[in-house]
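# Analysis of the macromolecular model
The chain contents come next:
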Protein chains: 2
Amino acid sequence: MQTVQIVEVGPRDGLQNERNVIETSDKLQLIALLADAGLKRIEATSFVHPRWIPQLADADTVARHISNRVGVEYSALVPNKKGLERAIVAGLKEIAVFMSASEAHNKQNINKSIRETYSILSEVINQAVVAGIRVRGYVSTVFGCPFAGDVSIDDVTRVMEQLFKMGVYEVSLGDTIGIATPKQVEERLTVLLRYFPVEKLACHFHDTRGTALANVYAALTKGIRVFDSSIGGLGGCPYAPGATGNVATEDLVNMLEGMGIATGVDLHRLLAASSFMQTKLGRALPSKMLSFKQRGGY
Amino acid sequence: MQTVQIVEVGPRDGLQNERNVIETSDKLQLIALLADAGLKRIEATSFVHPRWIPQLADADTVARHISNRVGVEYSALVPNKKGLERAIVAGLKEIAVFMSASEAHNKQNINKSIRETYSILSEVINQAVVAGIRVRGYVSTVFGCPFAGDVSIDDVTRVMEQLFKMGVYEVSLGDTIGIATPKQVEERLTVLLRYFPVEKLACHFHDTRGTALANVYAALTKGIRVFDSSIGGLGGCPYAPGATGNVATEDLVNMLEGMGIATGVDLHRLLAASSFMQTKLGRALPSKMLSFKQRGGY
């Protein structure tokens with residue numbers, strides 16, 4: 001039986017783009033529902049400065065009050081040392097750092113050059129590892145940049161090498177603007193797998209152009225077994241015009257389980273979590289399985 | 001350069017499920033816009049009895065008034081001899097016949113057993129071919145049935161054999177309820193390609209669970225080069241509860257062109273056609289590229 005690990009990023013990557021502030025208690029309930037559904041890796045919030053992402057200004061409270069379940073890894077996005085300190089205070093055992101393979105996007109997203117970002121992240125990762133905290137690395141714009149257009153595979157490789165050297169245990173390859181095609185996914189992974197072991201790679205697809213599940217399938221054929229997704233298909237990148245939604249966790253689970261790949265996630269319970277979120281947000285979420293369920297189909 | 005042929009089924013498979021009646025002139029304009037975009041195969045309407053599909057009660061008028069373009073093949077769905085007569089009167093050069101690989105779905109959909117359907121279609125196809133009309137065959141529920149569940153590959157093969165023997169030039173394999181996974185697509189095609197040449201097969205995926213483009217990609221890897229799709233993602237099967245939408249033509253074109261596969265279709269013009277339809281229907285269509293465009297992304 002093949003298995004896939006799903007990294008649920010809805011509470012962070014999903015909610016960070018919502019304009020209306022969600023109550024902290026609702027965020028905690030969402031995180032609890034996601035764990036109820038069987039998700040074992042949940043990115044719960046972000047310790048980015050509240051000025052940048054007001055929606056996640058309650059990160060400390062959220063991280064402190066998560067009802068930790070045995071066997072579930074909760075993490076948070078951390079941009080710098082201050083963020084790491086907050087994560088440590090909140091008692092998290094895992095964080096994620098992020099940077100872009102594209103100089104232009106990195107500048108726009110975090111107002112730093114790639115070189116400047118290395119020195120910041122190097123310190124963060126080092127301190128985290130010393131504190132016994134696992135660090136995941138996100139690389140954005142792996143398949144294209146909203147500002148620079150094409151991103152060379154050499155640029156991707158270089159950033160990944162640096163992150164692994166600094167001590168991340170896994171790199172998640174982000175299609176930030178949802179522009180990847182399955183052919184490109186296969187081609188890029190073919191190159192990357194010459195340099196990096198497949199167990200250390202994850203894929204993070206956005207469904208802007210409807211290709212996310214096709215890209216997941218292409219990545220599966222290359223041996224990738226860790227995928228990021230967002231409950232209900234929430235999310236997007238605030239600095240990438242028009243970019244929306246991570247692939248919906250329920251759509252991902254449905255496809256994988258339909259292919260006989262075990263995710264450990266209960267689809268019915270997952271749909272309860274996305275129904276909850278849809279009600280709280282008061283608008284239809286992009287998830288296909290949720291909409292299918294609401295038409296009485298599931 | 002690889003190429004793919006797209007069979008646009010929006011004016012038929014798409015519109016047949018719309019409750020509000022669309023003006024005949026709007027249908028004709030849609031068909032013209034689709035040809036403007038470069039689509040070379042357009043299923044324009046259906047000669048099913050108006051009692052079954054009131055939306056397409058104007059089939060004769062639509063078929064007669066299509067502004068025929070050189071190089072564009074217009075066709076219509078035909079269920080029986082009466083339908084064929086109407087198609088001949090309207091001057092069509094191509095028709096499509098349909099049946100299901102599942103006895104239960106065939107009964108529900110056309111109130112006939114598979115055996116009874118053979119004898120009807122055999123006559124229709126024979127008369128069409130004699131009249132110089134090309135006949136395409138649809139097989140529904142190739143990947144699963146809303147009533148019977150699993151559909152055996154033997155049942156699929158048997159129906160396809162019969163249709164080819166009767167004289168259809170191509171069989172379109174329908175995932176009527178959008179339940180196929182890319183793995184299943186690969187597996188079924190691997191078997192079917194032992195019996196049938198790849199040039200005679202098309203795939204017709206619905207996006208009910210978000211897997212349509214993933215299924216297209218899987219079918220491409222097996223050599224399929226003809227895909228059905230529907231402008232804006234319109235459509236579904238009225239007799240399959242909860243089943244919605246063919247894969248959107250613009251999402252299909254975007255993915256294929258992004259992979260370097262030529263479709264001959266201009267995406268901007270295609271989006272003009274789906275914008276037109278969205279305005280006429282007064283509701284958001286499922287197309288990802290259309291929604292992306294409307295957010296200023298394309």
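Parameters at a glance
- Residues numbered from 1 in each chain as written.
- Chains lettered and ligands numbered in written order.
- Predicted model: local features only at pLDDT ≥ 70, side-chain atom pairs only at ≥ 80, totals over all residues.
- Heavy atoms only, no water.
- UniProt positions renumbered as here; feature names shortened; annotations may be inferred.
- Helix = DSSP H or I, 4+ residues; strand = E, 2+ residues; numbered from the N terminus.
- Rg over C-alpha atoms; globule rule 2.2 N^0.38 Å.
- Buried < 20%, exposed > 50% of the residue type's maximum accessible area, 1.4 Å probe, protein only.
- Contact = heavy atoms within 4.5 Å.
- Areas by Shrake-Rupley, 256 points an atom, 1.4 Å probe, with all protein chains shown as cover.
- Lys, Arg positive; Asp, Glu negative; His and termini not counted.
- Charge placed at Lys NZ, Arg CZ, Asp CG, Glu CD.
- Buried area = accessible area lost by both parts, 1.4 Å probe.
- Salt bridge = Lys/Arg side-chain N within 4 Å of Asp/Glu carboxyl O.
- Pairing = 2+ DSSP bridges.
- Axes fitted to C-alpha atoms, helices over the stretch in contact; angles between N-to-C directions.
- Least-squares fit on C-alpha atoms with pLDDT ≥ 70 in both.
- Right-handed = clockwise from strand over helix to strand, strands pointing away.
- 1 Å grid on protein atoms, 1.4 Å probe; cavity = no way out; pocket = protein on both sides within 12 Å on 5 of 7 lines; lining within 4 Å.
- Points joined across faces, edges and corners; volume = space filled by probe spheres on them.
- Parallel < 35°, antiparallel > 145°, perpendicular 65-115°, else oblique.
- Left-handed = near helix turned anticlockwise from the far one by under 90°.
- Nonpolar A, V, L, I, M, F, W, Y, C, P; charged D, E, K, R; others polar.
- Core = buried A, V, L, I, M, F, W, Y, C linked by side-chain atoms within 4.5 Å.

Under an unreviewed UniProt entry, the name given to chain A is Hydroxymethylglutaryl-CoA lyase, and the organism recorded is Ammoniphilus oxalaticus. Regarding chain A, the UniProt comment filed under Sequence similarities (unreviewed entry) reads as follows: "Belongs to the HMG-CoA lyase family."

### Considering the overall build of chain A
A tally of helices and strands in chain A yields 12 helices and 8 strands. The globule rule puts the C-alpha radius of gyration for 298 residues at 19 Å, and the 17 Å found for chain A is close to it. Seen through its principal axes, chain A has C-alpha atoms that stretch 50 × 45 × 35 Å. For chain A, buried positions account for 61% of its 298 residues. Look at the contacts in chain A between residues 6 or more apart in sequence, and 74% of them connect residues 24 or more apart. Carbon together with sulfur atoms contributes 50% to the accessible area of chain A, which is approximately 11,200 Å² in total. For chain A, the distance from the average site of its 32 positive side-chain charges to the average site of its 30 negative ones is 2 Å.

### Description of the interface of chain A and chain B
Facing the 27 residues of chain A at the interface are 28 residues of chain B. Approximately 2,400 Å² of surface area, both sides summed, lies buried where chain A meets chain B, with 63% of it carried by carbon and sulfur atoms. Looking only at chain A, the three residues that lose the most surface to chain B are R209, Y217 and K288 of chain A, adding up to 25% of its buried area. Along the contact surface separating chain A from chain B lie 2 salt bridges.

### Remarks on unusual backbone geometry
Positive phi, close to 55 degrees, is recorded for T141 of chain A, a residue that is not glycine. Note on placement: T141 of chain A falls in the loop between β5 (134-140) and α7 (153-166). Phi at N111 of chain B takes a positive value of approximately 60 degrees, unusual for a residue other than glycine. The topology assignment puts N111 of chain B in the loop between α5 (103-110) and α6 (114-130). Here N111 of chain B falls in the exposed class, since its relative accessible area comes to 61%.

### A short note on the sheet that holds strand β2 (residues 41-46) of chain B
All names here are of chain B. Read once around its circumference, the closed barrel built from 8 strands follows the order β1-β2-β3-β4-β5-β6-β7-β8, with strand pairing classed as parallel. Direction aside, the axes of adjacent strands within the sheet are offset by 25 degrees on average. As paired strands, strand β1 (residues 5-8) and strand β8 (residues 226-229) are joined by 4 bridges and run parallel to one another. In the strand pairing of β8, I6 is matched with F227. Docked against the sheet, α6 engages β4 (94-100) and β5 (134-140), running at close to 170 degrees with respect to β4.

### Remarks on the relation of the copies chain A and chain B
Taken as rigid bodies, chain A and chain B are interconverted by a rotation of 180 degrees and an axial shift of 0.0 Å, the fit giving an RMSD of 0.0 Å. Within this description, the copies of the chain are treated as partners about a two-fold rotation axis. Minimal C-alpha distance to the rotation axis in chain A is attained by A214 of chain A, lying at 1.8 Å. When you check the interface residues of chain A against chain B, 100% turn up at the interface there too, and the contact is symmetric in its surfaces.

### Looking at the pairing of strand β8 (residues 226-229) of chain A
Residue and element names in this part refer to chain A. Here β8 shows a buried face lined by V226 and D228 and a second buried face lined by F227 and S229. As defined by bridge partners, strand β7 (residues 201-205) adjoins β8 across 2 bridges and the pair is classed as parallel. When the bridges of β8 are listed, H204 appears paired with D228. For the segment spanning β7, helix α9 (residues 212-221) and β8, crossover handedness is right-handed.

### So, the layout of surface pockets
The calculated volume of the second largest pocket comes to roughly 220 Å³. Forming the walls of the second largest pocket are 16 residues, and the residues nearest its centre are F143, I179, T181 and Q184 of chain A together with G258 of chain B. Those elements that place two or more of their residues in the lining of the second largest pocket are α8 (182-195) of chain A together with α10 (249-258) of chain B.

### Some words on the packing of α9 of chain A against helix α10 (residues 249-258) of chain A
Residue and element names in this part refer to chain A. Contact geometry of α9 with α10 gives a least axis separation of 11 Å together with a crossing angle of 45 degrees. By the angle class used here, α9 and α10 are oblique. The two elements α9 and α10 cross, and the hand of that crossing is right-handed. When α9 is examined against α10, the residues L213, V216, Y217 and L220 are found in contact with a partner set consisting of D251, L252, M255 and L256. Taken together, the residues of the contact of α9 with α10 break down into 7 nonpolar, no polar and 1 charged.

### Description of the environment of G235 of chain A
Tracing the backbone shows G235 of chain A in the loop between β8 and α10. Residues G235 of chain A and K183 of chain A, 52 residues apart in the sequence, show an inter-C-alpha distance of 24 Å.

### Description of the environment of G38 of chain A
Residue and element names in this part refer to chain A. Relative to the elements of secondary structure, G38 occurs in the loop between α2 (24-36) and β2 (41-46). The exposure class of G38 is buried, given its relative accessible area of 10%. In the structure, G38 is positioned 231 residues away from R269 in sequence and 8.4 Å away in space, judged by C-alpha atoms. What G38 contacts, discounting residues up to four positions off in sequence, is G264 and V265.

### Focus: the nonpolar core
In this structure, L163 of chain A together with L163 of chain B are the most contacted members of the largest nonpolar core, which totals 210 residues. If near-sequence neighbours (up to four positions away) are discounted, L163 of chain B is found in contact with V97, M99, L121, I125, Y138, V139, V168 and V171 of chain B.

### Re the sheet that holds β8 of chain A
Residues and elements named next belong to chain A. The parallel closed barrel is built from 8 strands, whose spatial order is β1-β2-β3-β4-β5-β6-β7-β8. Strand-to-strand twist across the sheet, computed as the mean angle between neighbouring axes with direction ignored, equals 25 degrees. Two elements, strand β3 (residues 73-77) and strand β4 (residues 94-100), share 3 bridges in a ladder whose sense is parallel. What sits directly across from S75, in β4, is E94. Sitting on the sheet, α2 touches β1 (5-8), β2 and β3, and the angle it makes with β2 is about 170 degrees. Across the sheet, helix α5 (residues 103-110) lies against β4 and β5, angled at about 125 degrees from β4, the strand it touches most.

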